[in-house]
There are 2 protein chains.
Amino acid sequence: MASTKILIIDDEQDVIDLLSLHLRKAGFALSMATDGATGLRMAREEAPALIILDLMLPKMPGLEICKVLKTDAATRDIPVLMLTAKAEEIDRIVGLEFGADDYVTKPFSPRELVLRVNAILRRGKGESTEEKKLSIGPITLDPARHHVDVGGKPVRLTSVEFKLLSMLMRRQGRVQERDRLLNEVWGYESIIDTRTVDTHVRRLRKKLGKAADAIETVRGFGYRIREAKR
Amino acid sequence: MASTKILIIDDEQDVIDLLSLHLRKAGFALSMATDGATGLRMAREEAPALIILDLMLPKMPGLEICKVLKTDAATRDIPVLMLTAKAEEIDRIVGLEFGADDYVTKPFSPRELVLRVNAILRRGKGESTEEKKLSIGPITLDPARHHVDVGGKPVRLTSVEFKLLSMLMRRQGRVQERDRLLNEVWGYESIIDTRTVDTHVRRLRKKLGKAADAIETVRGFGYRIREAKR
DNA sequence: CCCGCTTGTCAAAGATGCGTCACGATACGC
DNA sequence: GCGTATCGTGACGCATCTTTGACAAGCGGG
């Protein structure tokens, strides 16, 4: 990995130190900015491969910066990884579509962060793993538009249901055990009951209607989605 | 799940008891150390898959231990899960970051702890040791998707049957005696009747249909699976 | 401020798998 | 060929896991 450059925009020195440590260890080159204006300038000038952006910044809010980044042609294609304080903010980011490519909630585990960074960069190289529509049987899922339909008819899913379904579809055929789903769908901080997964699976099945049986129960392990038939 | 080893470094007996109880129940093998020096030694000698480290230790502070662990080449790659007493310390830990991979604040919920442990271990495995498909004769077994088929046709196996089959297939050609099967399929120290193995082998054969004879009985010893013919 | 939607929790009901047993079948030693 | 040890088979009750429906708290919108 020939030193991919990452730009960090954050005002807290602790966080910067932490990020630096682990990202350096992972073999990345770094730039830092402690305020939004500087961050934007550096993004344009240095053309980093990825930007890590704190949602809470003095003066200019992170979302605003993200918006600008995604508007400017020079920086539009640079993936943005958001740092957010609370899990609740996640939905707003995803929902309002400010263009962030991923997010990590504070406090985060360093390992998780590096993993995400790598994942995003890999995505960029692979040229469209993320934006691609997924479809299995009659179910079609469009990540970009947060949209799902079954047999051509649109289905309204809630945030959790959507994440759950897209997670299952991305890993189609492979069994996802409950706690894994918890970690990936509900995020790093969750301490919720694993039985809750069942409830949401049930709601999903209900909404999927005739395609409900696409989600198979693997007793003693978890759930998986039926393989696409060829 | 063949007994992954976890090292606990903590001086409070209560905490150790609590951790032991739940981690054992979750199927892990454990080692314990009540002080830092011993902990470090054991980490080097036993090469555990994960270390749970209390931040507050007599004599040597947890952070110091973490630092040493992350410096030593022999232990550098072992993930560390920190136990911290107060939420306020989180920021300091994150800020100072001596390389811990995750942390849990006391008092912690057992469920949360086990969840985190599993999550960390999964991460380590995820990228590197991608589970390989196994196939012998007409039988194909895919660990990732919990799927088996015989001559192209899928076969529905239950949890125990699946584990039993994959164990036999991993050790193809070699005879597996009952006790051994009991230990690996049913987990640590199982107290079930050895005849039970027969029952499950029978069920397996039944489900495998025409490929049933792939499992050979070795009278007086146990079972083995036929070598792959080429 | 109220209302509806979303979401996590819980308990009861339902489904499935698992371990055990008894008995018949088979292999092995003599 | 006989007896004994070992293995295969089918049935059965219990335990566990999953499903289901209902409920309440939280949040946002009108």
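Worth saying up front: this structure is predicted, and the values here are computed from it rather than measured.

Caption draft 1: Local environment of helix 8 (residues 195-208) of chain A. Residue and element names in this part refer to chain A. Helix length check: helix 8 (14 residues) gives 20 Å between terminal C-alpha atoms against 20 Å at 1.5 Å per residue, within 8%. By the burial criterion, the buried members of helix 8 are Val197, Asp198, His200, Val201, Leu204 and Leu208. In this structure, the buried residues of helix 8 make contact with strand 7 (139-142), strand 8 (147-150), helix 6 (159-170), helix 7 (178-185), strand 11 (215-218) and strand 12 (222-225). Backbone geometry just after helix 8 places Gly209 at a positive phi near 60°.

Caption draft 2: Molecular detail of the layout of surface pockets. As a volume, the second largest pocket reaches approximately 800 Å³. Lining the second largest pocket are 31 residues, and of these A:Glu216, A:Arg224, B:His146, B:His147 and B:Pro154 sit closest to its centre. Counting residues per element, the ones that place at least two in the lining of the second largest pocket are strand 11 and strand 12 of chain A together with strand 7 (139-142), strand 8 (147-150), strand 9 (153-155) and helix 6 (159-170) of chain B. Class assignment of the residues belonging to the lining of the second largest pocket gives a composition of 10 nonpolar, eight polar and 13 charged.

Caption draft 3: Region of the structure containing the pairing of strand 1 (residues 5-9) of chain B. Residues and elements named next belong to chain B. Counting buried positions along strand 1 yields four of five residues, so the element is predominantly enclosed. Looking at chain direction, strand 1 and strand 2 (residues 29-33) are connected through five bridges and run parallel. Note on strand 2: the bridge partner recorded for Lys5 is Ala29. In the classification by handedness, the crossover that spans strand 1, the intervening helix 1 (residues 13-25) and the parallel strand 2 is right-handed.

Caption draft 4: A look at unusual backbone geometry. Despite not being glycine, A:Ala47 has its phi angle at roughly 45°, a positive value. With phi around 55°, B:His146 is a residue other than glycine that occupies positive phi space. By the element assignment, B:His146 lies in the loop between strand 7 and strand 8. Classification of B:His146 as buried rests on a relative accessible area of 16%.

Caption draft 5: Summary view of the protein's contact with DNA strand D. The environment of DNA strand D is made up of 20 residues, and the closest members are A:Thr217, A:Tyr223, B:Arg205, B:Thr217 and B:Tyr223. Contacts to DNA strand D include A:Thr217, whose side-chain N or O atom sits 2.3 Å from a phosphate oxygen. Every element with two or more residues in the surface near DNA strand D is listed here: helix 8 of chain A together with helix 8 (195-208) of chain B. It is helix 8 of chain B that contributes the most residues to the surface near DNA strand D, six residues altogether.

Caption draft 6: Quick peek at the protein's contact with DNA strand C. The full set close to DNA strand C counts 24 residues, and A:Thr158, A:His200, A:Arg203, B:Thr158 and B:Arg203 are the nearest of them. Atoms of DNA strand C within 4 Å of the protein: sugar and phosphate make up 63%, bases the balance. In this structure, a phosphate oxygen belonging to DNA strand C sits 3.4 Å away from a side-chain N or O atom of B:Arg156. B:Arg203 is positioned such that a nitrogen or oxygen atom in its side chain is 2.6 Å from a base oxygen of DNA strand C. Classifying every residue of the surface near DNA strand C by side-chain character gives six nonpolar, 10 polar and eight charged.

Caption draft 7: Expanded view of the environment of B:Leu21. Position of B:Leu21 relative to the elements: it lies in helix 1. With 89 residues separating them in the primary sequence, B:Leu21 and B:Pro110 have C-alpha atoms 9.2 Å apart.

Caption draft 8: Layout of the side chain of A:Ser20. Tracing the backbone shows A:Ser20 in helix 1 (residues 13-25). Within the structure, A:Ser20 has its side chain in polar contact with the backbone oxygen of A:Ile16 (distance 2.6 Å).

Calculation notes
Residues numbered from 1 in each chain as written. Chains lettered and ligands numbered in written order. Predicted model: local features only at pLDDT ≥ 70, side-chain atom pairs only at ≥ 80, totals over all residues. Heavy atoms only, no water. Helix = DSSP H or I, 4+ residues; strand = E, 2+ residues; numbered from the N terminus. Expected span 1.5 Å × (residues − 1). Buried < 20%, exposed > 50% of the residue type's maximum accessible area, 1.4 Å probe, protein only. Contact = heavy atoms within 4.5 Å. 1 Å grid on protein atoms, 1.4 Å probe; cavity = no way out; pocket = protein on both sides within 12 Å on 5 of 7 lines; lining within 4 Å. Points joined across faces, edges and corners; volume = space filled by probe spheres on them. Nonpolar A, V, L, I, M, F, W, Y, C, P; charged D, E, K, R; others polar. Pairing = 2+ DSSP bridges. Right-handed = clockwise from strand over helix to strand, strands pointing away. Near = heavy atom within 4 Å. Polar contact = N/O pair within 3.5 Å; in protein donor to acceptor, adjacent residues only side chain to side chain.

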